[in-house]
Amino acid sequence: MPEYIPKLRAAVVVCQPGQEPIEGSLSLSPQAEFHHGPETILERVNARERILPFHRRQDGAVLLLSRLELEWVAAGRGVDRDLICPHTYQVTREERVQVRFTSGNEMEGLLQMELPEMLNRASDFLNGEDDFFPLVTDQGVYLLNKHRVLFTRVFESSPLPVGANEGPNPV
């Protein structure tokens, strides 16, 4: 019989297309797979498992949610920033964006990207392998599902990549 590992509960709000957001909690591992410290909400929603056990606050029911059917997940009030994104997530670029979901809902905020030096565009970041990405809004940090995003409007042009203006200097 597998050993039971006690989990940490993190308060979240989840939103499925066409539904009102629901308050509850996700269970996080006390030790993350790739860094010291507990698993974060971002790591949980980007995990290989398709189904997320969600404890609904309203009645204590456990709902098994398909993570790819979620539009977004937001950390609840009082959740420490270290439980939202891993401390190893290094923001190398930020862009102000507007996101429109397939449901027609929209959200604006700051897209905080972790990109290698040679990549610098929002499209590079959004084409990455993770299904969810963080968006910092006036209401807090939302983890958005790329599979539910219809388009992302970037408000500013991306700068040239590091080293792109190296070469012969024009006279």
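The rules behind each value
- Residues numbered from 1 in each chain as written.
- Predicted model: local features only at pLDDT ≥ 70, side-chain atom pairs only at ≥ 80, totals over all residues.
- Heavy atoms only, no water.
- Salt bridge = Lys/Arg side-chain N within 4 Å of Asp/Glu carboxyl O.
- Helix = DSSP H or I, 4+ residues; strand = E, 2+ residues; numbered from the N terminus.
- Buried < 20%, exposed > 50% of the residue type's maximum accessible area, 1.4 Å probe, protein only.
- Core = buried A, V, L, I, M, F, W, Y, C linked by side-chain atoms within 4.5 Å.
- Contact = heavy atoms within 4.5 Å.
- Pairing = 2+ DSSP bridges.
- Axes fitted to C-alpha atoms, helices over the stretch in contact; angles between N-to-C directions.
- pLDDT = per-residue confidence, 0-100.
- Patch = residues over 30% accessible without salt bridge, like charges linked within 9 Å, V, L, I, M, F, W, Y side chains within 5 Å.
- Areas by Shrake-Rupley, 256 points an atom, 1.4 Å probe, with all protein chains shown as cover.

1. A closer look at the pattern of salt bridges
In step 1: Here the structure, examined in full by the defined rule, presents nine salt bridges.
In step 2: The salt bridge involving arginine 67 is made with aspartate 131; its shortest N-O contact spans 2.8 Å. With arginine 67 in the loop between strand S4 (62–66) and strand S5 (72–75) and aspartate 131 in the loop between helix H2 (122–126) and strand S8 (132–137), this residue pair connects regions lying 64 residues apart in the sequence.
In step 3: For aspartate 131, a relative accessible area of 16% translates into the label buried.
In step 4: Of the charged contacts in the structure, one is a salt bridge between arginine 121 and aspartate 124, with a shortest N-O distance of 2.8 Å.
In step 5: The partly exposed category is assigned to arginine 121, whose relative accessible area is 44%.
In step 6: Relative accessible area serves as the criterion here: at 16%, aspartate 124 is assigned to the buried category.

2. So, the nonpolar core
In step 1: With 39 residues, the main nonpolar core has Ile41, Val45, Trp72, Val73, Leu111, Leu143 and Leu144 as its most contacted residues.
In step 2: If one sorts the elements of this core by residue count, strand S1 (residues 8–15) sits on top with five residues.
In step 3: If we skip the residues at most four places from it in the chain, tryptophan 72 touches Val13, Val14, Cys15, Pro21, Phe101, Met107, Tyr142, Leu143 and Leu144.

3. Some words on the sheet that holds S1
In step 1: Pairing within the open sheet is antiparallel, and its 10 strands lie in the order S4-S3-S2-S1-S5-S9-S8-S7-S6-S10. The open sheet terminates on both sides in strands that have one partner only, identified here as S4 and strand S10 (149–154). Looking at each pair of strands side by side, their axes are set apart by 40° on average, direction ignored.
In step 2: Bridge analysis of strand S6 (residues 93–101) against strand S7 (residues 106–113) gives eight bridges, and the strand direction is antiparallel. Bridge pairing in S7 links valine 99 to methionine 107.

4. A word on the confidence of the model for the protein chain
In step 1: The predicted model of the protein chain has a mean per-residue pLDDT of 87, with 89% of residues at 70 or higher.
In step 2: Across residues 162–171, where pLDDT falls below 50, the model places one contact with residues more than four positions away in sequence or in other chains.

5. A look at a nonpolar patch on the surface
In step 1: A grouping of Ile51, Val62 and Leu64 is seen on the molecular surface, where their side chains present a nonpolar patch of about 290 Å² in accessible area.
In step 2: Looking at the element boundaries, leucine 64 is found in strand S4.
In step 3: The exposed category is assigned to leucine 64, whose relative accessible area is 60%.

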